[in-house]
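Close look at the chain arrangement
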Amino acid sequence: DLKALGHAAAEALGQLHDPEAVKVLLDAVNYDKYASVRGKACQSLGYLRDTTATPTLLKILEEDENPTVRRRAAEALGDIRDGMAATALLNTLHQEQDPGVRWSVIEALGMLKDAAAIPALLQTLSGDPDLNVRWHAAQTLEMMDLGEIL
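The notes below deal with the structure included here.

Thresholds, definitions, all that
- Residues numbered from 1 in each chain as written.
- Predicted model: local features only at pLDDT ≥ 70, side-chain atom pairs only at ≥ 80, totals over all residues.
- Heavy atoms only, no water.
- Helix = DSSP H or I, 4+ residues; strand = E, 2+ residues; numbered from the N terminus.
- Rg over C-alpha atoms; globule rule 2.2 N^0.38 Å.
- Buried < 20%, exposed > 50% of the residue type's maximum accessible area, 1.4 Å probe, protein only.
- Contact = heavy atoms within 4.5 Å.
- Areas by Shrake-Rupley, 256 points an atom, 1.4 Å probe, with all protein chains shown as cover.
- Lys, Arg positive; Asp, Glu negative; His and termini not counted.
- Charge placed at Lys NZ, Arg CZ, Asp CG, Glu CD.

Things to note about the overall build of the protein chain
A tally of regular secondary structure across the protein chain gives ten helices and zero strands. Taken over C-alpha atoms, the radius of gyration comes to 15 Å for the protein chain, in line with the 15 Å a tight globule of 150 residues would show. Each principal axis of the C-alpha distribution contributes one length, and for the protein chain these read about 45 × 30 × 20 Å. A buried classification covers 45% of the 150 residues belonging to the protein chain. In the protein chain, of all internal contacts separated by at least 6 residues, the share reaching a separation of at least 24 is 65%. Carbon and sulfur atoms make up 53% of the accessible area of the protein chain, which amounts to about 7,800 Å² in all. Here the protein chain contributes 14 positive and 23 negative side-chain charges, whose respective centroids are spaced 4 Å apart.

Rendered as structure tokens:
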């Protein structure tokens, strides 16, 4: 079926290190009707680590109706490690309702190792309603090696 084909194509494109693959994946993220294909395209963009994908992934993180797609966008932003994403990730951490997306945003912030994320992670550690999200904030703070960052 078309959904499975799109998913497989997005996965295969993530294995290529070709600028044309990035363009095709960006189209899939923006326009594919299947959430699983959009999510796999986000994941593949993360594998490619091309910073030209950052603006699109930030848009998807903010606007896609599917939490799994938003989660994959956050994970990809962490994989890309583009510092431009830090402010938007911090905003999403405070506004996102889905705990799985917040978890992925925390992971991305940890991968960026941006000192500006520390207050937000500490706030999440003490105030997030989801125990798993609080635990992940603690793990991320530990992983960030604060002595190295500060």
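Concerning unusual backbone geometry
The backbone of arginine 49 shows a phi angle near 55°, a positive value even though the residue is not glycine. The backbone phi angle of lysine 113 is positive, close to 50°, even though this residue is not glycine. Relative to the helices and strands, lysine 113 resides in the loop between helix 7 (99-112) and helix 8 (118-127). Judged by its relative accessible area of 37%, lysine 113 is partly exposed.

Don't take any of this as a statement about function, it's just geometry.
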